[in-house]
Structure formats: C-alpha cells, structure tokens
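Close look at the chain arrangement
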Amino acid sequence: MIDTNTPLLRLRDRMSLLQVVIAAATVAIAGGIAPTSLALAAALSAWAFIRPLPPQTSKSTERAWTLLVAAALIATMARAVLTAEILDAGLDFLLLLVVQRLFNRQRAREHMQLLLLGSLLLVAGAVINVGINYPLLFAVYLVIAAMTLLLNHLVAEGERLGPRTAATLAREGIRARGLLWRAAGQVAAIAAVGAMITFVAFPRWGVGAFLRGGMSRDSKSGFSSTVELGDFGRIKTDATVIMRIQPQSGSWGPRTDWRLRGSSFDAYERGKWFHDRDVEATLGFGGPSGFRPIGDLRGSSQLVPNRRALPQIVAVPGFAASTAALHALVTLEDIGVDVVFVASEPLGVRLAPRGPIEQRAQMRGGRSDEIRIDKPPGPVRYQFVSRIGTPTEDELDAVGDPAVPDAFVAYTREIGGLSEEVTTLAQSLTQDATTRHAKVSAVMDHLSGFAYTLDQPQSQRVADGGDPLEGFLFDTQAGHCEYFASAAVVLLRQIGVPTRLVNGYYGAHYNSVGEYYAVRQADAHSWIEVYFGQLGWVTFDPTPPGGRTSGDDAPLWPAFSEWMDAVRNAYLDWIIDYDLGKQLTLFENLGLRDREAETAVSRWRWALVGIGGVVVGAWIFGRARRWRRVRSRPELALWKLIATSLAKRGYVVGDSESPRQFGRRVAASEPTIADAVVGFMTTYDACRFAPATTAEDLIALREAARTVAAAIATVRRR
Amino acid sequence: MAAKAGRKRGKPSLLRRALTARGRSLEITRAGWLFILLTLAVGFAAINSGANLLHAIFGAQMALIVGSGILSESMVRRTVARRAAAGEIFAGQAAAVYVDLSNIDARGEVFSVSVEDDDRLATDDACAPVFAVRIGAGKTVRVPTTVVLAQRGRHPMPAAVVATRFPFGLFVKRRELARGEPLLVYPRIVPMPSAHADDPRTEIGDAPSRRSRAGEFFALREYRDGDDLRRMHWPAVARLGRPVVRELEADGDRQLVLDLAPGRTGETEFEARVQECASLAVASLSREGVAVGLRYGGEMLIAPGSGDEQRRRVLEALALVGDVA
C-alpha cells in the first residue's frame, strides 16, 4: 500500500477533499444537485477516502473507470438534450468525476485535477447560488484551495526529484505548516482583493444574471393556475422572505394589514380550484403615468393622472374610504410562479425594471383580476396602485343586492359535485338575509365557530372519497385558511352571491435595517372577494383572526432575522444584481465619475488615454526586449546603488579609484556622513573580495547600504 | 541525483524566450496552462453572461496568478547560491561539489528552491540539481551534489539558475546565477594495465633518466611549494637569498619521467596522450617508492618526485598543458 502515513501527505489529502466539499456545498445549498446524487456521491467519496489507497491503480481498474466515465458522459449528453436539464446533468457528471478522482488520487497530478474539479463546481455555484452563504464559502474555499495548492506543490517536487528529496520535503513541509498556512492566508487575501476590485470595476457588458433564480425545485403551491385544496397550508411555516415592499405614499406602522392578492379562482370541483373559461383575462394599457389599469367595469378608469407622477384614485360615491390608496414599489423574488402580487383592490400596475434582464418581462392579465408575468428567471420589480379602503357595513348594506353583470355571471354559478347538504346549509344560514352583505355576514358568522389548525384532520367522509370541503363543513369543522375561504365561497355560490377565492399574502413586517416591508412565505393566506356593484370587489376574511397571520413567531429570533434579511437584500441588490447602472452610480459616489463633465470632449479624452496607454505599453515592451540580462551579484548591485546616489550629489567615482579611496574622499568632504560611508565601503570590500561571502555578510552589507542611503539623503547637491 | 555528462539542451521555446528578461525567465507548467485556460473561460463566461459572481471568481484567479508571481519572485530574489568543488575534479567523471544556498533576507523564509543548470545553453557539462525545502531567514544551507565537466583545464561550473515552482507549481521562475570562479579540471583518469604501471622504465617519449643511491645528497634546487621544510639548506638560503632545498637521491627504487609530446588542446590524439599520462602518473604515484616527473616538449616541466604534492603538481600541469588554438 502507498505510504500515506506521512503527515504531509495526510494533510494534503484532507485539504484536497475539503476544498471539493466546500465547492460542492456552494452548489448543493442552491439546490443544484439532486439529493440522491449528493447522498450517493458523499457516500462513495467517504469510502474512497477511508479505504487504504493502493500504490498504483491497476490496469483493469483504470479500464473500468474509463468505461464508467464514458458511459456517464453519454448519459449526461442524452439527458441534457432530451430533458433540457443541462446544468443538473453537468453537475452530476462533475460529481462522478470527483468520486473517480478520489478513488485514484495517488499522485500530485491527480490532486491537481481534484482542484480543477472543485473550481468548476465553484463556478457553477457562482451561477446558481444567490444566497449570502456563497461569499462566505468562497472566502473559506480560497484559503483551503491555496493551502492545497501549496501542499500539492511540495509533494509534486518530491515526486519529481526522487525519494530522498521527497522524504526531506515530507519532514520539512510538515514542520513549516504554520508558515504555509500563513502564506495560504496571504495568497487568499490577495485573491479576495483581486476579486473585489474586478467585481466593482470590471465593466458590465453582459445581460445580467440570466441564470439567477428559477432553479428552485419547489413551485410555490397556491399560485398556480390550479390549486389542490390543502397544498397552500404547507408553506405557512416557511420564514423565507419572498417580497419586499417600499410604500411610496403614506406612513405605516411596523405591521400592516395589506392583503396582497396573487391568484384568484372562480371554479371548484372535487377539491381543486381553477379558472372558469368564461372569465376573461383583463389588463389594460394606457393608464396614467404608465400604470396599466386592472379590469374595471364601472365605466371609467379608477386612476387619474397626478403631477406627482403617482396617479390618484377616483372617489366612489357611497364609499367614503374609496380614495385610501397604497402606492408601493415591490421587489418580488423568483418563487417559481408567474403571479404578481398587488394589494386589494388593485387598480393599476407597471413594471419598474432595474436592468436589461428585468426589462424583458411582460405583464399580462390573468383571470379574475390576476396579474401574471412572463419573465426570465430572477426577481422582478414593479409598482402598483391599490385601493385599500374598505366600505363600512352601512355602506355595504346600502347597496342591497346589486345586479351581477354578465361578465361576472361565472362567479355566481353553483359549485357542482357537492351534496345537497351544502346547498341546504347555505340556504338555512341565509334564509333571513335580505341584503348581500347580510348573506355574507351569516356565512362568516357560521364559519367563525370553526377551529383553525394547520394539521388538517381528515374525516371518514373524505376517507371514503367525499369532498374535503364537505368534511370540513360537516365533520371536522377545523382547518386552515384555505378551507375557511373555500367553504365561504362555496356556501355563497350556492345561494347565488358572486364570490371568488383569493390566494395571496396577508400583512407585512417592517424591516428597520433595510427600510422596507418584508413579506414572508409564512404570511400566505386565503380569503374571499364578493362583488358589491358600485363598491367593486370587497374583501372578506372568514378565517378566525388567530389564523390569519403566522405572526412574528415564524422566525426564531425576529430581530436577527430582520438583520439577516436586510443583509441578504443588500447582497442581492448590490452583488447579484450589480449592473452597469449601479457601477456608474458607485463610481459617482466615490467621486470617480462626474456625470456633468461627460461631454463629447471628455469621451474623446478617454479614447486618447486608451490609445496613449497602448503606445506607452508598446514602448515599454520594446525597451524590455532590449534590456540585457543582468547577472550582477547582490553586493555589486548595492555598490552601484550607493554610487549612483552619491553621483547625484556631485561625487563621481574616478576611473582608477577604488571604493575605499572613493569612500575616504567623500568622507573628507562630508564629515556628517563619513562614518556611514566608510562603514559601507569597508563592508562592501569584505563582501566583494572575500573568498566566500556568507548570507550574514550580505545582510550586514544591506544594513550598511540602508544606513548610508539614509545619510546620503541629507546631503545637498554640490 | 547524479549528473550526466554530455547532455545537449535544446533551444528554449518562443514563449519561454519571450518571458525572459533581466536575468529572469518564466515557464508555464502544464498545470499552469490549465489554470490559465480555466481563468480565461471564466472571464469569458463572466463577460457574456453578466453573472456577477463570475467576475469575482475571475478576479480571484487573476490575483492568484499575480500572487504566485510575487511569491516566486521573492523566493528567487532572496536566494543566493554559490557552488564550489569539494575535491578534485577529473574530466568526464562525476566530482563532488557543494552548493551553498543562502537566504539574504533578514526576515522572510525561502521555500522550495533549486539550483539547476541553465537548460537554455547547450553544453557537455552538467551539474546535478539541488533542492532546498526551506531556508531560514539569513541562513545558509549546504547541499552536496555532483558535477561532470567534460574537458580538462580551467572551466567555470555550468551556467546555473535558481529556480522555484513555489507556491503552486503553476509557473517555474528562474533567475540566472553569476558564473563562479573557474575550476581546475584534471585530465580523465582511466585504469592502467598492470604492465604499464609495473615497468619503472616505461615512458612516454625519450629515454628515462634515473637517480640511484636513494637517500644520499644529490643536488640543491629551488624550493617548491610542498617541499619538506626540513630539507631546507639554510647556508645556501643565506648565501643565495632565496629558499633552496637539498635534493636527495630517490627514496624509492624507481623513477618515472613521463615525456609528453606537444600538441594542441582539444585534438583527440593529444588529449588521449594527456589522459594516458595522467592515468599513469596517478597509478605510479600511488605506489610506494616511485617518483614521477613530467617532460613536455623536451623541457622538464615537473622534476620527478613523489607524494601527494607531486601528484597535484603533475595533474595541474597536465590539466593546463597544450597549445591553445
């Protein structure tokens, strides 16, 4: 077996493995590697590392590995072509190569290949990992990789120069590991500085983070075009911030009650919500200040232009709070769905792209006043205007039971596939209600007696194939917001009240560090909207108040979570999404760019600077080629340096003058530096003409040179 | 690692010549090429994709290359190497030398440096490379090695460089060393057939002369370096004003004067004769009671004598003998 017991080789082995683990972690954390692939690779790598390493791989083993890699390569290409999972396939193949190399890592060359594979994984991580963990892992990787390179270099020298040198290297190398760690740290620091300078200053000509986001394997349930009843509740414990809202008007407290509607459904069947094909998708064009008006049947736009560039809301007669508005700028993370979230009741929306990638997004109207977006992977930013005021009970009563326009007839259709029991219940609840509001209130009152729980109990009826809503209404009478809202819609539909289900987010939490309102996944919620004629679609929430919000108990340490989210947001904004615009802004802030001074002449100036730089560079290159090879000994170089310094002050060495004679002459003229000069000349003579000059002699000569150079600096030119 | 004489070196590549200036040269290893290719690929991907973290990785890789250059330069700059012979050097035969590697920096250490022959120069001389793992600040390490110098005479050691692949093995940085003092290379010594060595009258050239009556006073002659001071003839010294010694009859039974016909240095036949002379002289002087002298071109170059000093004198003379073209 190969002697891997030398401490140097063991340390090199460990570092080699560690760097590839860190690199793989940058990819795995971003979800770029399937769990099964990761587990398999980890298990095989551990086995490869633990087992005794043979001194040399046998021919048969080499052939087997070659065949395996070739087969994997073909499978990878086929997978990439057939499934379009190019990155996933490529990463799995890289993992296989890592495992193969770990099994056969006898020589320095093979460890170098491991380093190369690690760096490829790191590059892949840079593309898909947008988390703040990446720069931390990158910093650690730099140090570990530098140390691995250092150790591998020493081992490679031993392989190159023979066993005796290898043994010496193993001994001395491990003794000097403290110095090697320090050197690795210094190199990593240099690399980190280089990384930061290149990151900040390198011009951004590309199209942006085209692969940012969109890699999540979890599609967020509840916002697709169809929703299974019950899926929505699963995300209530996820504290991931998915939206950051910056209000552009009004002042708001630390916690808001905005209802940010995302998807809205009008048809239900056997546990599934979807869109009735009779409901049209609407999203207008040509609204004030570029806002696109969201479907309105009241005959006139609800938005009017405003000199402040934020459109105002038209007041609605009989609706006192109709002008209460929320203008907000939203940064929505890529959560794998094409829904845009706006507060109820949305009146207008427009994109606010930050760069060329986001400019490619296109909003389109979805059914039931949804707003969908076609965009490349990554976040998106937009603005919306919403009416957030709600009519009073008196105002709702005042409208009575308004007629339902033809366009909204679909919202009044009875839900099919349910038992008569549901209709009977709805009728019994509302038999005394004369207004639409009274009907809604009756249903809400009935549901308020139900229990809120995320652990959805299942009744025997449902186990036997019955509708889950019926199980909720008649058996368990317990469930989460989705069940409450769905039950309310179903009950109201059975009595002809135009109602629709809405999935979205309720409330937002102010992040004082980042100065924005954060909306977490755990804030997901379901409610209903009922059509009240002139008052529009009015929001009602049948879920008990205790179940509407996840509360601030979703993160374990709210303050720390706020800080982390603000840091992450800044990281996303200034690192991941750093573009040419931000670069120029940064340069302006640093005083490196004066926008006002950028006239046409200035632009020509930069061109001339560039041309001048090329010319100077060519001149230097030409001079460098004519430089003669200098083979001066160190003592001669020092002597020339001192002689040149003295010549600048008028003391030139004579043709036949020895250094000592010259030194005495200078000392006679300059008594203040006499000792230093004579001391240097004496030391120089000793070094220059001694039988053998030792390192100590050269060090002493250097010190003497420093002393005399400092003394010469005080001498005036003659 | 033993030096192998007669190794021809090729002309360095265009890239290597382009990366040579002021006594420094840079060579990119295979791993270095891979690293550079990876760096360029990452840079290309960063520019085209706009993925910001790729810019950071690209910058880090470029900085690693620069850092590697800075570290390797500091290693070769701090290292001073002097090579010296540890004993006699015979042409074409491996001779012991030592290399003193000194770290002239008072604070920093030197890692992983070697002293190697400059492979850009074609020469038949070769010195085995030496490697120092670590040289402390201001310290010197002495590393033994061997050298093979092809021709007799005064020659400097082969042109050498201080080289390092530190820190990562991506590049090889070399710094030329100043040529040291020339060394005296004795003619090659080959084993002589016993008939040659045993025959005390064997000469190369004309009739021998022989001194008999061993131990008796023979003549006065000039003092030569290495002579026994007890043979100094003080009255003659006082009279003549210069050191003279008593020359006694040969201590041994035999006396051998090697007569070497003149020739031109480098000519094959002449060199063969010189080699034979030297071999015979060494073989004879290694025996008890044999005095060896050297005549060249009819002139007695080295009077017969014995002992280590005589051996040295004869070999020195044979190392330098010959007309230079």
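A quick note: this is a predicted structure, and the numbers were derived from the prediction, not measured.

On a plain count of helices and strands, chain A comes out with 22 helices and 20 strands. Among the 718 residues that make up chain A, the fraction classed as buried is 49%. Of all intrachain contacts in chain A linking residues separated by at least 6 positions in sequence, the fraction that spans at least 24 positions is 74%.

Take the packing of helix 6 (residues 133–161) of chain A against helix 8 (residues 177–201) of chain A next. Residue and element names in this part refer to chain A. In the contact formed by helix 6 and helix 8, the axes pass within 8 Å of each other and the chain directions differ by 130°. Between helix 6 and helix 8, the interaxial angle falls into the category oblique. For the element pair helix 6 and helix 8, the recorded crossing hand is right-handed. Contacts between helix 6 and helix 8 involve Phe138, Leu142, Val143, Ile144, Ala146, Met147, Leu150, Leu151 and Leu154 from the first element and Arg177, Leu180, Trp181, Ala183, Ala184, Val187, Ala188, Ala191, Ala192 and Ala195 from the second. Here the contact of helix 6 with helix 8 is composed, by residue class, of 18 nonpolar, no polar and one charged.

Bring the parts together and some accessible area is lost; that lost area is often taken as the interface size. Of the residues lining the interface, 51 residues belong to chain B; the matching set on chain A comes to 63 residues. Both sides together, the interface formed by chain B and chain A hides about 5,000 Å², and carbon and sulfur atoms give 71% of it. Scanning the region where chain B abuts chain A turns up three salt bridges. Residue contributions to the side of chain B that touches chain A peak at 13 residues, all from helix 3 (residues 52–78) of chain B.

Moving on, we come to the sheet that holds strand 5 (residues 272–274) of chain A. Residue and element names in this part refer to chain A. As summarised here, the arrangement of the three strands in space is 1-5-4, forming an open sheet in which the pairing is antiparallel. If you trace the sheet from one side to the other, it starts and ends with strand 1 (227–228) and strand 4 (267–269), each paired once. Here three bridges tie strand 4 to strand 5, and the two strands are oriented antiparallel to one another. What sits directly across from Ala267, in strand 5, is Phe274.

Counting residues in each nonpolar core, the largest one holds 101 residues, and the members touching the most others are A:Leu121, A:Tyr134, A:Phe138, B:Leu54, B:Ile57, B:Leu101 and B:Val115. No other element matches the 15 residues that helix 6 of chain A contributes to this core. Setting aside chain neighbours within four positions, we find B:Leu101 in contact with B:Thr79, B:Val80, B:Ala81, B:Val115, B:Val130, B:Ala132, B:Ile135, B:Lys139, B:Thr140, B:Val141 and B:Val143. Counting 39 residues, the second largest nonpolar core, distinct from the first, contains A:Ala485, A:Val489, A:Ile495 and A:Leu535.

Another point: the packing of aromatic side chains. Evaluated as defined, the whole model comprises 25 aromatic pairs over all chains. The interplanar angle of 80° and the centroid separation of 5.3 Å between the aromatic rings of A:Trp252 and A:Trp258 together place this pair among those described as edge-to-face. The class for A:Trp258 is buried, based on a relative accessible area of 2%. Here A:Phe472 and A:Phe484 contribute two aromatic rings whose centre-to-centre distance is 5.2 Å and whose plane-to-plane angle is 75°, an arrangement assigned as edge-to-face. Of this pair, A:Phe472 sits in helix 14 (residues 468–476) while A:Phe484 sits in helix 15 (residues 481–494); the two residues are 12 residues apart in sequence, bridging distant segments of the chain. One aromatic cluster is present, built from ring pairs that chain together A:Trp252, A:Trp258, A:Tyr510 and A:Tyr517. For B:Arg142, the ring lying beneath its charged end belongs to B:Tyr98, and the centroid distance is 3.7 Å.

To continue, consider helix 6 of chain A. The periodicity of an α-helix, 3.6 residues per turn, causes residues three or four places apart in sequence to face the same way. The terminal C-alpha atoms of helix 6 of chain A lie 42 Å apart, and with 29 residues this matches the ideal 42 Å at 1.5 Å per residue to within 8%. A:Gly162 lies just past helix 6 of chain A and shows a positive phi near 115°.

The next subject is the sheet that holds strand 17 (residues 299–305) of chain B. Residue and element names in this part refer to chain B. An order of 15-16-17 is seen for the three strands of this open sheet, with the pairing classed as mixed. Two strands in the sheet have a free side with no partner beyond their single neighbour: strand 15 (254–260) and strand 17. Adjacent strand axes in the sheet meet at a mean angle of 15° when their direction is disregarded. Here four bridges tie strand 16 (residues 290–296) to strand 17, and the two strands are oriented antiparallel to one another. If you follow Leu294 over to strand 17, its bridge partner there is Ile302. The sheet strands contacting helix 6 (residues 268–285) are strand 15, strand 16 and strand 17, and the helix crosses strand 15 at an angle near 170°.

All names here are of chain A. Its location among the elements puts Asn511 in strand 17 (residues 499–511). Judged by relative accessible area, which is 1%, Asn511 ranks as buried. Look past the residues within four positions of Asn511 in its chain and what remains in contact with it is Tyr516, Glu562, Asp565 and Ala566.

Turning next to the confidence of the model for chain A. Residue and element names in this part refer to chain A. In this model, chain A carries an average pLDDT of 82, and 87% of its residues clear a pLDDT of 70 or more. Highest mean pLDDT in chain A belongs to helix 12 (residues 436–447) (94); lowest belongs to helix 9 (residues 356–359) (67). Confidence drops under a pLDDT of 50 for residues 207–220, and excluding neighbours within four residues, the segment shows 44 contacts in the predicted structure.

Cut-offs used in this document
- Residues numbered from 1 in each chain as written.
- Chains lettered and ligands numbered in written order.
- Predicted model: local features only at pLDDT ≥ 70, side-chain atom pairs only at ≥ 80, totals over all residues.
- Heavy atoms only, no water.
- Helix = DSSP H or I, 4+ residues; strand = E, 2+ residues; numbered from the N terminus.
- Buried < 20%, exposed > 50% of the residue type's maximum accessible area, 1.4 Å probe, protein only.
- Contact = heavy atoms within 4.5 Å.
- Axes fitted to C-alpha atoms, helices over the stretch in contact; angles between N-to-C directions.
- Parallel < 35°, antiparallel > 145°, perpendicular 65-115°, else oblique.
- Left-handed = near helix turned anticlockwise from the far one by under 90°.
- Nonpolar A, V, L, I, M, F, W, Y, C, P; charged D, E, K, R; others polar.
- Buried area = accessible area lost by both parts, 1.4 Å probe.
- Salt bridge = Lys/Arg side-chain N within 4 Å of Asp/Glu carboxyl O.
- Pairing = 2+ DSSP bridges.
- Core = buried A, V, L, I, M, F, W, Y, C linked by side-chain atoms within 4.5 Å.
- Phe/Tyr/Trp six-rings, centres within 6.5 Å; stacked < 30°, edge-to-face > 60°.
- Lys NZ or Arg CZ within 6 Å of the ring centre and 35° of its normal.
- Expected span 1.5 Å × (residues − 1).
- pLDDT = per-residue confidence, 0-100.

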